[in-house]
Amino acid sequence: MRVLLTGGGTSGHVNPALAIADIIKKKDPNAVFAYVGTEKGIERRLVEKEGYPFYPIKIQGVSRSFSLSNIRTAYLVMTAPTKCKQIIKDFRPDVVIGTGGYVCWAPLKAAAEMGIPTIVHESNSVPGLAVKRLEGKIDLLLTNFKSTARGLSQPEKAVNVGNPIRFSFGDMTKQEARKKLGIPENIKFVILSFGGSLGAPKINEAAIDVMRKFSLSHEDVMHFHSGGKNCYSGAMQLFAGYGLEKNPRLDIREYIYDMSVYMAAADLIICRAGAMTITELSIMRKAAILIPSPHVTDNHQYKNAAILQKAGAAVLIEESELDCERINAEVERIYSNQEVRDKMCEAVSEFATVDVDERIYAEICKLLRNKAKIKRRG
């Protein structure tokens, strides 16, 4: 099987694509993959780290307000599909699979026009703009949430399969992960915090507040934090301003590549409430403080987090209510009560879908068996 993957902008769009590649490789070791993304997007770094060929294209998102950049966007929208058709001719994929973000629109549009089988996986409960624009062209839409189909004009194309996760998530015990990371045996509680691949200033501030008010004063606590590509320098200035860089138990970096290992090692995770993160937490049975992004379509991160909070699976703190006292009080409560942590871990595990891999691979194979029925879509 030859598979052309696409999706980007944030790791939340890239990691599902790489997870689907993992699924296919397990079933078909001879499968061949390539990836289409933007030249400077995080997708290039993550994909090349996996060793897959990367085809860059020039495309950008539409500004929500009037902007001269939208003139360039319009030009790229007209030219990018032509570039993608040449990539498709060179790579000769059996199927093109997208996982969201504006970059996936051009490759999937081009493939549909050429009669190549096309699939989109939508992780979020609310379909993104690119998915909505592609709905009439693609052959199959795989969803994480059953409710996603209600937001589609062609719900008959949707199949609920759950969210794909990299094979490394859940494969390592807490003890194995801590040994791999070199965490000392006297460390009894590990905190991991992050605000996404690009970063989030409010979460950076909150994590550093926890570091200086809680983690610093507890000798059995180690705290890892990812500041994000766009916010790392500001986070480091704040971190260094408090003199925290002198403590080996406090660790801040731009991006954590081995996230599955760090999550396995953690007792508490402080993060956003994106669909992929929720799935990872459920698979790995981790207690979490969720701080939903207020800047996403239809406030879907808040809706994700609210479901978990209602089930006792996580703590929800809205960004507008986030302050030093509130988050430190929640961290202290979870740290000091093993029963609270155990109940959260048990509750969040109920959100895991155990047969995601089988469902996704079955749908891909079913589509390819029906390849002769697929017609070019203009």
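Before going into details, it helps to say that this report is about the structure given with it. (Residues numbered from 1 in each chain as written. Predicted model: local features only at pLDDT ≥ 70, side-chain atom pairs only at ≥ 80, totals over all residues. Heavy atoms only, no water.)

## Considerations on the sheet that holds strand 3 (residues 54-57)
Put simply, the rule is: Strands qualify as paired when DSSP identifies two bridges or more between them. Helix and strand labels come from DSSP, where a helix needs a run of H or I of at least four residues and a strand needs a run of E of at least two; each type is numbered from the N terminus. A fitted line through C-alpha atoms represents every axis, and for helices the fit uses only the stretch in contact; the resulting angles, taken between N-to-C directions, go from 0 to 180 degrees. The contact rule is simple, with two residues in contact once any of their heavy atoms fall within 4.5 Å.
Pairing is parallel in the open sheet, where seven strands are placed in the order 3-2-1-4-5-6-7. Two strands lie at the open edges of the sheet, namely strand 3 and strand 7 (158-160), each paired on one side alone. Adjacent strand axes in the sheet meet at a mean angle of 25°, parallel and antiparallel pairs treated alike. On top of the sheet, helix 1 (residues 11-27) reaches strand 1 (2-6), strand 2 (32-38), strand 4 (95-98) and strand 5 (118-122); it is set at about 175° to strand 2, its chief contact.

## A few points about the sheet that holds strand 8 (residues 189-194)
Sheet architecture is open: six strands sit in the order 10-9-8-11-12-13, paired in parallel fashion. Each of the sheet's edge strands pairs with one partner strand only, and the pair in question is strand 10 (250-253) and strand 13 (315-316). Where strand 8 lies against strand 11 (residues 268-271), three bridges are found, and the strand directions are parallel. The residue of strand 11 that forms the bridge with Ile191 is Leu268.

## Here's the deal with the side chain of Thr6
Here is the rule we go by: When accessible area is computed with a 1.4 Å probe and restricted to protein chains, residues below 20% of their type maximum are described as buried, those above 50% as exposed, and intermediate ones as partly exposed.
Note that Thr6 resides in strand 1. On the basis of relative accessibility, which here comes to 1%, the residue Thr6 falls in the buried class. Every residue in contact with Thr6, bar those within four places of it in the chain, is listed here: Tyr35, Val36, Ile97, Gly98, Thr99, Val103, Cys104, Pro107 and Leu108.

## With respect to the packing of aromatic side chains
This is how it is decided: Between the rings of Phe, Tyr and Trp (Trp by its six-membered ring), a pair exists once the centres lie within 6.5 Å; its type follows the angle of the planes, with under 30 degrees stacked, over 60 edge-to-face, and the other angles tilted. Any Lys NZ or Arg CZ found within 6 Å of a ring centre and within 35 degrees of that ring's normal is scored as a charge over the ring.
Using the criterion set out here, one finds six aromatic pairs in the structure. With 6.2 Å between their ring centres and 10° between their planes, Tyr35 and Phe54 make a pair best called stacked. Placement of Tyr35 in strand 2 and of Phe54 in strand 3 is noted, with a sequence separation of 19 residues between them. When the centroid spacing of 5.1 Å and the interplanar angle of 80° are considered together, the rings of Phe214 and Tyr335 count as edge-to-face. Note that Phe214 is positioned in the loop between helix 7 (201-213) and strand 9 (221-226) and Tyr335 in helix 12 (residues 324-336), a separation of 121 residues in sequence. Here a set of aromatic residues connected by ring pairs shows up, and it is made of Phe189, Phe214 and Tyr335. The cationic tip of Arg45 hangs over the ring face of Tyr255; the distance from NZ or CZ to the ring centre is 5.9 Å.

## Concerning the nonpolar core
Keep this limit in mind: By nonpolar core we mean a set of buried residues, namely Ala, Val, Leu, Ile, Met, Phe, Trp, Tyr and Cys, connected to one another through side-chain atoms within 4.5 Å.
By size, the foremost hydrophobic cluster in this structure holds 34 residues, and its most contacted members are Leu192, Met263, Ile269, Leu281 and Leu290. Looking at this core, the elements with two or more residues in it are strand 8, strand 9, helix 9 (259-265), strand 11, helix 10 (275-284), strand 12 (287-290), helix 11 (300-310) and helix 13 (338-349). For this core, the element with the most residues is helix 9, which contributes six residues. Among all residues touching Ile269, those that are not within four sequence positions of it are Leu192, Phe194, Met263, Leu281, Lys286, Ala287, Ala288 and Ile289. Ranked by size, the runner-up nonpolar core spans 31 residues in total, among them Ile23, Ile24, Val95 and Leu140.

Read these as geometric descriptors, not functional statements.
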